[in-house]
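Spelled out from the first residue to the last, the chains are:
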Amino acid sequence: MTKRALRKLVQTKRRCIPRPLLRHGHRHRRHPFVFGAAAISLLATALPSCALGGGGGNLIPLAFAASASSSSSSVGSFGSSRRRSSSSASSLPFGISSKRSICNSRSAPVMMTIRGGGDAEQQRLQQQQQQQQQQQRQQQQQQAKPKQRQYPHAPIATVSPFSRPVKKVVVVGGTHGNEYTGVWCIKSIERQRELFDGTSSSSSSSPSSQGDPAQPVNVFASFPSLDVDTLLANPVAHMQNKRFVEADLNREFSIDRLKRVAAVLDGNGNDDAASASSCDVATEFCSTDEERNLMLGASLPHEALRAREIEALLGPKILAESNTLSSSSSHDVDGNSVVPEDEGEEDTNPAPLADIVIDLHTTTCNMGISLIIPEGDALMSAAAAYVMHSCRAKYGYPHVQILMHALPKRKHRMNLSSCGRHGFTVEVGPVPQGVLRHDVVEKTEAALHSLLEFLHLRNLELENEKDAQTKEKDEGASRHSNVVEGDATDSPPTTTTVLDRLRRLHPGGTVPCYRSAPAVRPGELSGKISWPTDPTNPNFPAVVVHKSVQDRDFEPLRVGDPLFLSLDGKVIPYYGSHGEEVHLIFVNEGGYYYASSGTGIGVAVKSQFDWETGWFVIEEDGGESEEVVVDEEDSYE
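None of the values given here were measured: they were computed from a predicted structure.

(A) Layout of the overall build of the chain. When you go through the chain residue by residue, the secondary structure sums to 15 helices and 23 strands. Per-residue burial over the chain gives 45% buried out of 637 residues. The contacts in the chain between residues at least 6 apart in sequence include a share of 75% that link residues at least 24 apart. Carbon and sulfur atoms provide 51% of the accessible area of the chain, an area that totals close to 32,800 Å².

So, in structure tokens, the structure goes:
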């Protein structure tokens with residue numbers, strides 16, 4: 001039998017008994033060894049390896065015990081054949097593995113093995129696939145688990161910050177005298193008070209509810225749980241149509257500056273209460289001539305004395321510097337719930353008279369509706385999330401953002417709204433200074449009414465909860481024994497609260513926001529990219545904001561992007577003074593041309609906060625939180 005005939009026989013899978021082979025016109029008898037090998041090979045391919053005992057890739061030894069005579073005669077029938085190399089043994093068909101080719105098997109008995117090759121390899125691949133799928137499922141389960149959050153400098157909460165009702169609300173306008181929108185809004189509130197009290201001779205329609213955004217809202221009729229007052233912050237500057245008289249009023253409310261004014265006045269025997277009682281601080285500048293002369297002698301600006309008056313009206317803030325708490329309260333002066341440092345020590349400092357101060361501002365920049373809150377105030381964080389959604393969904397204003405200042409401690413905040421227990425600032429733009437625009441007034445009132453709505457709804461819910469607890473307490477334990485199964489009157493209330501709405505809007509508990517850069521220069525409420533000023537006029541910039549940056553508030557700026565243009569036409573790029581990528585805010589703000597307000601362009605980064613705690617969120621997933629790295633020596637000279 002020739003090699004060619006043998007190869008043809010072995011490759012034939014469908015035949016267990018090969019047909020007679022013809023050579024030189026006569027028949028050759030069938031070789032017993034070749035028949036056995038072909039049959040076993042066909043059996044190995046037709047049956048699974050486990051049927052032959054070869055599950056998992058094991059080798060199956062098969063011994064063919066042939067007689068010496070039959071073996072020798074069989075070999076002689078094949079004729080002479082060349083030996084195959086060992087490398088070709090693995091290429092034998094049907095899973096046959098042997099060191100020698102079946103054509104060169106000259107000895108008996110012959111040991112052959114059938115490898116459960118195809119099935120074993122397939123099982124190995126299946127095991128690998130199963131392991132990979134299991135690893136993928138574990139990764140998906142790990143990702144599905146809620147990530148642990150870290151709240152830098154967060155106090156330990158003992159009482160929910162939403163358990164205390166808000167009553168005294170002060171709406172402030174004219175903190176900057178040439179921002180007319182806020183002044184218009186507080187004047188409108190006072191007209192609504194006259195209509196609500198029936199003391200106005202105006203023929204205007206009766207007060208309406210807050211249900212229809214197209215109808216005017218009377219805050220006294222729509223939010224009766226709130227005691228709303230107004231304050232004209234800087235009446236002298238407003239009369240002069242100026243941002244301020246001598247200094248930015250919204251930078252005079254830090255503890256250090258208030259103490260400086262108090263030291264001047266108290267050291268000369270002046271009584272602040274007596275001077276304030278002679279006029280209405282809410283609308284007038286009430287300091288006496290003697291106090292003004294003392295201020296001038298101490299080189300303190302007009303706004304410093306006005307800040308002292310406002311702090312006495314809305315605060316106090318100076319006396320509230322201590323971190324100790326009274327036994328009847330679990331909230332600090334910032335409005336956050338904390339654990340008292342000394343449980344038994346009472347706090348002699350009175351709480352601020354205003355529960356919340358709402359400061360209304362406008363800007364010359366394309367900031368849309370910007371809601372500015374401090375870090376760490378849970379109630380204001382929840383309120384900002386509610387107002388943002390309300391302005392977008394109810395009033396149809398898409399450009400609404402939350403800007404959070406990283407100033408957790410109330411005593412470190414230098415803005416006017418920090419005088420109250422809670423502070424909330426509304427900034428709307430663009431609008432020129434000293435100009436009233438109807439659309440800007442509407443946007444400001446939409447944010448204001450949404451905020452008042454949130455506070456009012458929460459007050460009603462707290463009142464209902466208190467009534468329910470009182471009723472349950474009065475009924476006593478006998479109520480439970482008399483409950484009829486299926487009685488709807490005894491089932492727990494199913495009313496959806498305003499906090500439940502926020503949980504549905506933000507399932508993960510986090511709200512997107514922008515985090516302002518920390519202030520590093522005098523007069524800054526937050527960090528800025530400062531521009532150089534003209535040597536002859538500190539309020540005139542020596543560069544102009546590049547056109548590619550103008551009106552692009554809250555949009556990213558990367559290293560190398562154009563930022564300023566010099567007098568000689570040279571483009572000055574951003575070189576990364578506050579990070580590789582930042583988001584610009586208050587781009588070319590008219591109020592930031594003054595040194596006392598802090599010159600330059602505001603800087604922020606995208607971030608997120610937990611609305612139930614008020615703290616920035618850092619995910620514990622191995623990633624790094626985006627921080628603003630400020631180079632205090634940056635200069636674009």
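What follows continues from the structure just given.
(B) Fine view of the sheet that holds strand β20 (residues 571-573). Strand order across the open sheet formed by 3 strands is β17-β19-β20, with antiparallel pairing between neighbours. Looking at which strands have only one partner, the edges of the open sheet turn out to be β17 (543-545) and β20. Looking at each pair of strands side by side, their axes are set apart by 35 degrees on average, direction ignored. Of the pairings in the sheet, the one linking β17 to strand β19 (residues 562-566) comprises 3 bridges and is antiparallel in character. Among the inter-strand pairings, Val543 is bridged to a residue of β19, identified as Ser566.

(C) Inspection of the pairing of strand β10 (residues 368-374) at higher detail. Across the 7 residues of β10, 7 count as buried, placing the element largely inside the fold. The pairing of β10 with strand β12 (residues 422-429) spans 5 bridges and is antiparallel. Residue pairing across strands places Gly368 opposite Gly429, the latter belonging to β12. Sheet topology places β10 next to strand β11 (residues 400-405); 6 bridges connect them, and they run parallel. Following the sheet pairing, Pro374 is matched in β11 by His405. Taking the sense of rotation as the criterion, the β-α-β connection linking β10, helix α12 (residues 378-393) and β11 turns out right-handed.

(D) Representation of the packing of aromatic side chains. Scanning the model with the defined rule gives 8 aromatic pairs in all. Members of the aromatic cluster, joined through ring pairs, are Trp531, Phe564 and Tyr593. Between the NZ or CZ atom of Arg515 and the centre of the ring of Phe616, over which it lies, the distance is 4.3 Å. Between the NZ or CZ atom of Lys528 and the centre of the ring of Tyr592, over which it lies, the distance is 4.2 Å.

(E) Spatial organisation of the pattern of salt bridges. Within the structure shown, the criterion is met by 20 salt bridges. Between Arg251 and Asp248 there is a salt bridge; the shortest N-O distance is 3.8 Å. Judged on exposure class, the residue Arg251 and its partner Asp248 are both buried. A salt bridge links Asp439 to Arg437, with the shortest nitrogen-to-oxygen separation between them at 2.7 Å. In the salt-bridge network here, residues are joined through shared partners; they are Lys168, Glu190, Arg193, Asp227 and Asp229.

(F) Just helix α15 (residues 498-505), in detail. Where α15 is concerned, the buried positions are Val498, Leu499 and Leu502. In a view along the axis of α15, the buried residues occupy a sector of 105 degrees, so they form one face of it.

(G) Structural detail: the side chain of Ser417. Relative to the helices and strands, Ser417 is located in the loop between β11 and β12. A relative accessible area of 4% means that Ser417 is categorised as buried. Separated by 3.0 Å, the side chains of Ser417 and Asn415 make a polar contact.

(H) Representation of empty space enclosed by the protein in the model. With the rule as written, the count across this model stands at 8 cavities of 30 Å³ or more. Taken as a whole, the largest cavity spans an internal volume of roughly 230 Å³. Taken together, 22 residues line the largest cavity, and the ones lying closest to its centre are Asn250, Glu427, Leu525, Phe586 and Tyr592. Going through the elements one at a time, β9 (356-362), β11 and β12 are the ones with two or more residues in the lining of the largest cavity.

(I) Up close: the packing of α12 against α15. Two numbers describe how α12 lies on α15: the axes approach to 11 Å, and their chain directions differ by 70 degrees. Comparing the axis directions of α12 and α15 gives the class roughly perpendicular. Residue-level contacts link Ala382, Ala385, Tyr386 and His389 of α12 to Val498, Arg501, Leu502 and Leu505 of α15. Here the contact of α12 with α15 is composed, by residue class, of 6 nonpolar, 1 polar and 1 charged.

Thresholds, definitions, all that
- Residues numbered from 1 in each chain as written.
- Predicted model: local features only at pLDDT ≥ 70, side-chain atom pairs only at ≥ 80, totals over all residues.
- Heavy atoms only, no water.
- Helix = DSSP H or I, 4+ residues; strand = E, 2+ residues; numbered from the N terminus.
- Buried < 20%, exposed > 50% of the residue type's maximum accessible area, 1.4 Å probe, protein only.
- Contact = heavy atoms within 4.5 Å.
- Areas by Shrake-Rupley, 256 points an atom, 1.4 Å probe, with all protein chains shown as cover.
- Pairing = 2+ DSSP bridges.
- Axes fitted to C-alpha atoms, helices over the stretch in contact; angles between N-to-C directions.
- Right-handed = clockwise from strand over helix to strand, strands pointing away.
- Phe/Tyr/Trp six-rings, centres within 6.5 Å; stacked < 30°, edge-to-face > 60°.
- Lys NZ or Arg CZ within 6 Å of the ring centre and 35° of its normal.
- Salt bridge = Lys/Arg side-chain N within 4 Å of Asp/Glu carboxyl O.
- Arc of directions from axis to C-beta.
- Polar contact = N/O pair within 3.5 Å; in protein donor to acceptor, adjacent residues only side chain to side chain.
- 1 Å grid on protein atoms, 1.4 Å probe; cavity = no way out; pocket = protein on both sides within 12 Å on 5 of 7 lines; lining within 4 Å.
- Points joined across faces, edges and corners; volume = space filled by probe spheres on them.
- Parallel < 35°, antiparallel > 145°, perpendicular 65-115°, else oblique.
- Nonpolar A, V, L, I, M, F, W, Y, C, P; charged D, E, K, R; others polar.

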